[in-house]
Amino acid sequence: MSETTQDVLGELAKVLEARKGASPDSSYVASLHHKGLNKILEKVGEECTEMLLAAKDAQQTGEKDELVYETADLWFHSLVALSHLGLGPDDVLQELARRFDLSGLDEKAARKPQ
Ligand SMILES: N=c1c2ncn([C@@H]3O[C@H](COP(=O)(O)OP(=O)(O)OP(=O)(O)O)[C@@H](O)[C@H]3O)c2ncn1[C@@H]1O[C@H](COP(=O)(O)O)[C@@H](O)[C@H]1O
């Protein structure tokens, strides 16, 4: 991961945290927190669908700008959801780091039968 990536996520996390105490009239993030988790999750679902559609379009046309744009929307709203529940990008990055050198196939095989 580039330093830029870490800086952007870190900076965004700080802004999201600060917006928890802001007026919903002056901030989109504050308005989401004000509306509550269900509204935030509705937005995550919406942005997820838009990202999937953009990925299919990108495959067909080779044009990837829309995919990057929609993925940014999805990441952003996912971070708002995490922030609403007291979590941040560090929590997810640490989990991803924990998985380094752990093959997805090995991890799946090691899971207990449900
Ligand atoms: N990264 C983002 C970001 N990405 C997307 N969005 C907003 O997410 C919204 C969702 O997009 P939609 O197309 O679904 O908009 P919509 O249909 O109007 O949304 P709804 O009415 O359905 O809720 C838009 O209003 C976008 O502007 C963002 N809003 C804010 N940020 C970051 O959060 C910071 C704080 O923002 P405020 O809280 O508004 O100050 C900003 O400085 C940015 O860094």
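On a predicted model such as this, the values are computed, not experimentally measured, just so you know.

1. Considerations on the side chain of His33
With respect to the helices, strands and loops of the structure, His33 is situated in helix 2 (residues 28–35). Excluding residues within four positions of it along the chain, His33 makes contact with Leu16, Arg19, Lys20, Ile40, Val80, Ser83 and His84.

2. Describing the site of the ligand
By nearness alone, every residue bordering the ligand is listed as Leu12, Val15, Arg19, Ser27, Tyr28, Val29, Lys43, Glu46, Glu47, Asp73, Phe76 and His77. In the environment of the ligand, an oxygen atom lies 2.8 Å from a nitrogen or oxygen atom belonging to the backbone of Tyr28. A distance of 3.4 Å separates an oxygen atom of the ligand from a polar atom in the side chain of Glu47. If the ligand stood free it would expose 850 Å²; the protein chains cover 52% of that surface.

3. Looking at the packing of aromatic side chains
Throughout the structure, instances matching the rule amount to one aromatic pair. Their ring planes at 25° and their centres at 6.3 Å tell us that Tyr28 and Phe76 sit as a pair that is stacked. Of this pair, Tyr28 sits in helix 2 while Phe76 sits in helix 4 (residues 65–84), and the two are 48 residues apart along the sequence.

4. A word on the packing of helix 2 against helix 4
Their axes nearest at 11 Å, the elements helix 2 and helix 4 cross at an angle of 50°. Between helix 2 and helix 4, the interaxial angle falls into the category oblique. For helix 2 against helix 4, the interelement crossing comes out right-handed. On helix 4, the residues that touch Tyr28, Val29, Leu32 and His33 of helix 2 are Phe76, His77, Val80, Ser83 and His84. Residues of the contact of helix 2 with helix 4, tallied by class, amount to five nonpolar, four polar and no charged.

5. Details of the confidence of the model for the protein
Looking at the protein as a whole, the pLDDT averages 92, with 96% of positions reaching at least 70. Across the interface, the model reports ipTM at 0.91; the global pTM reads 0.90.

6. Observations regarding a negative patch on the surface
Side chains of Glu50, Asp57, Glu63, Asp65 and Glu66 sit close together on the surface and give a patch of like negative charge. Elements with a contribution of two residues or more to the negative patch: helix 3 (37–61) and helix 4. Examined against the element boundaries, Asp65 turns out to sit in helix 4. On the basis of relative accessibility, which here comes to 59%, the residue Asp65 falls in the exposed class.

The rules we used
- Residues numbered from 1 in each chain as written.
- Predicted model: local features only at pLDDT ≥ 70, side-chain atom pairs only at ≥ 80, totals over all residues.
- Heavy atoms only, no water.
- Helix = DSSP H or I, 4+ residues; strand = E, 2+ residues; numbered from the N terminus.
- Contact = heavy atoms within 4.5 Å.
- Near = heavy atom within 4 Å.
- Polar contact = N/O pair within 3.5 Å; in protein donor to acceptor, adjacent residues only side chain to side chain.
- Areas by Shrake-Rupley, 256 points an atom, 1.4 Å probe, with all protein chains shown as cover.
- Phe/Tyr/Trp six-rings, centres within 6.5 Å; stacked < 30°, edge-to-face > 60°.
- Axes fitted to C-alpha atoms, helices over the stretch in contact; angles between N-to-C directions.
- Parallel < 35°, antiparallel > 145°, perpendicular 65-115°, else oblique.
- Left-handed = near helix turned anticlockwise from the far one by under 90°.
- Nonpolar A, V, L, I, M, F, W, Y, C, P; charged D, E, K, R; others polar.
- pLDDT = per-residue confidence, 0-100.
- Patch = residues over 30% accessible without salt bridge, like charges linked within 9 Å, V, L, I, M, F, W, Y side chains within 5 Å.
- Salt bridge = Lys/Arg side-chain N within 4 Å of Asp/Glu carboxyl O.
- Lys, Arg positive; Asp, Glu negative; His and termini not counted.
- Charge placed at Lys NZ, Arg CZ, Asp CG, Glu CD.
- Buried < 20%, exposed > 50% of the residue type's maximum accessible area, 1.4 Å probe, protein only.

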